[in-house]
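Topology and contacts: notes
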Amino acid sequence: LVESKLMIVEECCVNIGRPGFLTTFQILRQSCYNLRSRSDNPTEFQGEAFNEDEALNKMNSNARKMALRDSSSSRLQLAFVFCDEETMAKMLKILVDYPLTDVSTPRLHNRLCFTGLSAFALGKKKDCESFVKMAQNCLRYFEHLTKCGSVNAKPVYLFMLAMKGPSR
């Protein structure tokens, strides 16, 4: 059901000439496919909705940078869900260079949520200590939103606190 609705939105993006939006919805649709079907690599985007390597190779540098941010964020989310620590580390290394701001609040919220959770999950592992700073920045973002009364931020903030220092 979700995939069919995303395909309709993708068609609209083509019709109005918005390739950046098209890429975003293709990434979302591929994420849905990866979540509901069995695969040896559920964190890879090599499917029918979005092939990351092919798509990124066709883009100019600015479009590639934005698409890489979005695909890496979605792949990070999948890596966290599937406990794929190698992919989490790879995606965090890509996302470290992107600012903690975005014109799209939902996109930022999702990216910082899984950046923080993944960074805390990996932060105590050897060669991953550098992720702790990323995690702390994400935690501060959600702490601020929670103090401002955001009902959407509070569960993320509490989950990050639990990942930061799980009870013994």
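Keep in mind the model is a prediction, meaning the values are calculated, not measured. (Residues numbered from 1 in each chain as written. Predicted model: local features only at pLDDT ≥ 70, side-chain atom pairs only at ≥ 80, totals over all residues. Heavy atoms only, no water.)

As for the packing of aromatic side chains
Across all of its chains, the model carries four aromatic pairs by this definition. Between the aromatic rings of Phe80 and Phe114, the centroid separation amounts to 5.8 Å while the plane-to-plane angle is 65°, which identifies the pairing as edge-to-face. Here Phe114 lies in helix α6 (residues 105-122) and Phe80 lies in helix α4 (residues 61-81), a separation of 34 residues in the sequence. Just as Phe80 is buried, Phe114 falls in that class too. Both rings, one in Tyr141 and one in Phe142, keep their centres 4.9 Å apart while their planes meet at 90°; by these two values the pair is edge-to-face. Like Tyr141, the residue Phe142 is buried in the burial classification. (Phe/Tyr/Trp six-rings, centres within 6.5 Å; stacked < 30°, edge-to-face > 60°. Helix = DSSP H or I, 4+ residues; strand = E, 2+ residues; numbered from the N terminus. Buried < 20%, exposed > 50% of the residue type's maximum accessible area, 1.4 Å probe, protein only.)

As for the pattern of salt bridges
Close approach of charged atoms allows side chains with opposite charge to pair. Throughout the structure, instances matching the rule amount to ten salt bridges. Where Glu44 meets Arg75, a salt bridge forms, and the shortest distance between an N and an O atom there is 3.0 Å. A residue pair is termed long-range when its members are at least 10 positions apart, and Glu44 in the loop between α2 (19-36) and α3 (52-57) and Arg75 in helix α4 qualify at 31 residues. For Arg75, a relative accessible area of 3% gives the class buried. Residues Glu52 and Arg75 are paired through a salt bridge, measuring 3.0 Å at the closest nitrogen-oxygen approach. Residue Glu52 is located in helix α3, and its partner Arg75 is located in helix α4; the two are separated by 23 residues in the primary sequence. The same class applies to Glu52 and to Arg75, which are both buried. Residues joined in a network through salt bridges with shared partners are Arg69, Asp70, Asp102, Arg107 and Arg111. (Salt bridge = Lys/Arg side-chain N within 4 Å of Asp/Glu carboxyl O.)

Here's the deal with a nonpolar patch on the surface
Side chains of Leu35, Val81 and Phe82 sit close together on the surface and give an oily, nonpolar patch of about 260 Å² of accessible area. Positionally, Val81 belongs in helix α4. In this structure Val81 comes out as partly exposed when scored by relative accessible area, which is 46%. (Patch = residues over 30% accessible without salt bridge, like charges linked within 9 Å, V, L, I, M, F, W, Y side chains within 5 Å. Areas by Shrake-Rupley, 256 points an atom, 1.4 Å probe, with all protein chains shown as cover.)

Considering the environment of Gly123
When you line up the elements, Gly123 lands in the loop between α6 and α7 (131-147). When the C-alpha atoms of Gly123 and Ala135 are compared, they prove to be 8.2 Å apart, with twelve residues separating the residues in sequence. If near-sequence neighbours (up to four positions away) are discounted, Gly123 is found in contact with Cys128, Glu129 and Val132. (Contact = heavy atoms within 4.5 Å.)

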